[in-house]
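Observations on the three-dimensional arrangement
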There are 2 protein chains.
Amino acid sequence: MTFTVFTGGDSGAWSILSVAPVIGESLMAASHLAIAPSLSLGDTSATTPWQLRGVASHARYVERAEKIALTSVQAGLGRNEATRAALIPIRKSAAWWEMTQDERRAIFEDKSHHIAASLKYLPAIARQLYHCRDIGEPFDFLTWFEYAPEHATMFEDLVGVLRATEEWTYVEREVDIRLARAI
Amino acid sequence: MTFTVFTGGDSGAWSILSVAPVIGESLMAASHLAIAPSLSLGDTSATTPWQLRGVASHARYVERAEKIALTSVQAGLGRNEATRAALIPIRKSAAWWEMTQDERRAIFEDKSHHIAASLKYLPAIARQLYHCRDIGEPFDFLTWFEYAPEHATMFEDLVGVLRATEEWTYVEREVDIRLARAI
């Protein structure tokens, strides 16, 4: 089991361009983001503005046909040309988590077309979802996106589409952190 | 977020009657089990034979109609007459986790009738599921069962039914710990 730790501070491979609250409380400003794997969940360091931890776990809603479609078009992280990134931590409401699996899936895909809408933006925008609800973190998910500067408008489209869905009405905290590769 | 910590050692509210491996490696013998909430995931204590941590998280497969059925008949933990208990940690195989949500649900309920079969044993047998796959634990789930001594045979039926399912073929480690209330 490997945790991924995102540390906002004064060093790291990514320069932070902006930290903007979308809904709810924001995170403190920091100049850089460091991303590192960790084999354990130690205490959050008090010496950096913030640290967010997540697990690249199994998918919770994707069905087989969708997984085949996603796998056939998605790009991996770390492409040379993908010098822009976004880290978007999200927490959903109690109402979301009190729903049953079939109800969450219905809102996620049948009504909000989360997967189908995202497919349009692949492979230009690579992304990785990290789960953190069950490890005692302040957010439920961290999504990491990487893209080339020429796809920045496409990325704005994608986040706009996702924030206009019924699924998004269950988001009670979201911070939008934009980054550029520093090294 | 509260974690539940199950500590096998020489003190606790439950006496351990047996620790038996069902498949894979067992756990060390201990005389007592202590159960306590914890607000953080500190390091596992080295002074006890073992410590297992889990999160009483949201259900992953249950649909609304099933939740209504379960809620209408299930009993809570801590009933006076429920002086017997079982703690059953389980780890499922990589093949299970590589499946998509629809595939896991099909094996869990459509083929293995996990929820429907369990309903028969309620409210005599109370149970609580704790998730631990995403917090770096050696198991994926801990299930805690409580029942009165006169329902011991019914409990053996229940575990027998669950171990005969297709779902169970994905279990690669299971330990069966039986207990009696000590205080």
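Computed from a predicted model, the values in this text were never measured in an experiment.

Summing up its helical and strand segments, chain A has 5 helices and 8 strands in all. The order of α-helices and β-strands along chain A, N terminus first, is β-β-β-β-α-β-α-α-α-β-β-α-β. Here chain A has a C-alpha radius of gyration of 16 Å; the compact-globule value for 183 residues is 16 Å, and the two agree. Across the 183 residues that make up chain A, the buried fraction comes to 49%. For chain A, contacts bridging at least 24 residues in sequence account for 77% of all contacts bridging at least 6. By element, 56% of the accessible surface of chain A is carried by carbon and sulfur atoms, the whole surface being about 8200 Å². Separation between the mean location of the 18 positive side-chain charges and that of the 23 negative ones in chain A comes to 3 Å.

Moving on: helix α5 (residues 152-163) of chain B. Quick reminder: α-helices carry 3.6 residues per turn. Residues three or four places apart thus point the same way. Residues and elements named next belong to chain B. Compared with the 16 Å implied by 1.5 Å per residue over 12 residues, the 17 Å span of α5 between its first and last C-alpha is a close match. Residues of α5 that are buried include every one of Phe155, Leu158, Val159 and Leu162, and no others. Viewed along the axis of α5, the buried residues span an arc of 90°, placing them on a single side of the element. Elements that come into contact with the buried residues of α5 comprise β5 (84-92), α4 (114-119), β7 (141-147) and β8 (171-181).

This brings us to the interface of chain A and chain B. Where interface size is quoted, it is often the accessible area lost as the parts come together. Chain A puts 25 residues into the contact, and the matching count from chain B is 25 residues. Buried area between chain A and chain B, summed over both chains or domains, comes out near 2200 Å², and the portion from carbon and sulfur atoms is 48%. Sorting the residues of chain A by area buried against chain B places His58(A), Arg64(A) and Asp134(A) first, and these three jointly supply 27% of that buried surface. Applying the counting rule to chain A against chain B returns 4 salt bridges. Across the salt bridge formed by Arg60(A) and Asp134(B), the nearest N and O atoms sit 2.8 Å from each other. In this assembly, chain A and chain B are joined by 17 residue pairs in polar contact (both at pLDDT 80 or more). Counting residues per element, the ones that place at least two in the side of chain A that touches chain B are α1 (64-73), α2 (94-98) and α3 (101-111) of chain A.

A few words now on unusual backbone geometry. Residues and elements named next belong to chain A. For the bond from leucine 122 to proline 123, the omega torsion is 0°, close enough to zero to count as cis. Locating proline 123 in the fold gives a position in the loop between α4 (114-119) and β6 (126-131). Positive phi, normally seen in glycine, also occurs at histidine 113, with a value near 50°.

Quick look at the relation of the copies chain A and chain B now. Of the two same-sequence chains, chain A is brought onto chain B (RMSD 0.0 Å, axial shift 0.0 Å) by a rotation of 180°. This pairing of chains is accounted for by a two-fold axis. Within chain A, the C-alpha atom positioned nearest to the axis of rotation is that of Ile135(A), 2.9 Å from it. Both copies contact each other with a shared surface, as 100% of the interface residues of chain A are interface residues in chain B too.

On to the UniProt feature "binding site: heme b" (unreviewed entry) in chain A. Mapped onto the present numbering, the UniProt feature "binding site: heme b" (unreviewed entry) falls at Arg60(A), Tyr61(A), Val62(A), Lys92(A) and His114(A). When you line up the elements, Tyr61(A) lands in the loop between β4 (50-55) and α1. Overall, Tyr61(A) belongs to the buried group, its relative accessible area being 10%. If we ignore the near neighbours within four places in the chain, the residues touching Tyr61(A) are Glu66(A), Trp96(A), Gln101(A), Arg104(A), Arg105(A), Phe108(A) and Gln101(B). A polar contact of 3.1 Å, which involves the side chain of Tyr61(A), links it to the side chain of Arg104(A). Since its relative accessible area comes to 22%, His114(A) is described here as partly exposed. When neighbours within four sequence positions are excluded, His114(A) is seen to be in contact with Phe108(A), Glu109(A), Leu162(A) and Glu167(A).

Residue and element names in this part refer to chain A. Mapped onto the secondary structure, arginine 105 falls in helix α3. Here arginine 105 falls in the buried class, since its relative accessible area comes to 12%. In contact with arginine 105, other than residues within four places in its own chain, are Tyr61, Val62, Glu63, Glu66, Asp110 and Ile115.

Once that is clear, we can look at the packing of aromatic side chains. Counted under the stated rule, the structure contains 18 aromatic pairs over all chains. Ring geometry for Tyr61(B) against Trp96(B): centres 6.4 Å apart, planes inclined by 70°, an arrangement best described as edge-to-face. Taken as a pair, Tyr61(B) in the loop between β4 (50-55) and α1 (64-73) and Trp96(B) in helix α2 (residues 94-98) lie far apart in primary sequence, 35 residues in all. Its guanidinium or amino end placed over the ring of Trp96(A), Lys92(A) lies 3.9 Å from that ring's centre, counting from NZ or CZ.

Let us now look at the pattern of salt bridges. Residues and elements named next belong to chain B. Applying the stated rule across the entire model yields 26 salt bridges over all chains. Two residues, arginine 105 and glutamate 66, come together in a salt bridge whose shortest N-O distance is 2.8 Å. Note that arginine 105 is positioned in helix α3 (residues 101-111) and glutamate 66 in helix α1, a separation of 39 residues in sequence. Judged on exposure class, the residue arginine 105 and its partner glutamate 66 are both buried. One salt bridge connects arginine 178 with aspartate 176, and the closest N-O pair in it is separated by 2.6 Å.

Turning to its location among the elements, Ser57(A) is positioned in the loop between β4 and α1. Looking at Ser57(A), its side chain comes within polar contact range of the side chain of His58(A), at 3.2 Å. Polar side-chain contacts of Ser57(A) include one of 3.0 Å to the side chain of Asp134(B).

Reading guide: rules and limits
- Residues numbered from 1 in each chain as written.
- Chains lettered and ligands numbered in written order.
- Predicted model: local features only at pLDDT ≥ 70, side-chain atom pairs only at ≥ 80, totals over all residues.
- Heavy atoms only, no water.
- Helix = DSSP H or I, 4+ residues; strand = E, 2+ residues; numbered from the N terminus.
- Rg over C-alpha atoms; globule rule 2.2 N^0.38 Å.
- Buried < 20%, exposed > 50% of the residue type's maximum accessible area, 1.4 Å probe, protein only.
- Contact = heavy atoms within 4.5 Å.
- Areas by Shrake-Rupley, 256 points an atom, 1.4 Å probe, with all protein chains shown as cover.
- Lys, Arg positive; Asp, Glu negative; His and termini not counted.
- Charge placed at Lys NZ, Arg CZ, Asp CG, Glu CD.
- Expected span 1.5 Å × (residues − 1).
- Arc of directions from axis to C-beta.
- Buried area = accessible area lost by both parts, 1.4 Å probe.
- Salt bridge = Lys/Arg side-chain N within 4 Å of Asp/Glu carboxyl O.
- Polar contact = N/O pair within 3.5 Å; in protein donor to acceptor, adjacent residues only side chain to side chain.
- Least-squares fit on C-alpha atoms with pLDDT ≥ 70 in both.
- UniProt positions renumbered as here; feature names shortened; annotations may be inferred.
- Phe/Tyr/Trp six-rings, centres within 6.5 Å; stacked < 30°, edge-to-face > 60°.
- Lys NZ or Arg CZ within 6 Å of the ring centre and 35° of its normal.

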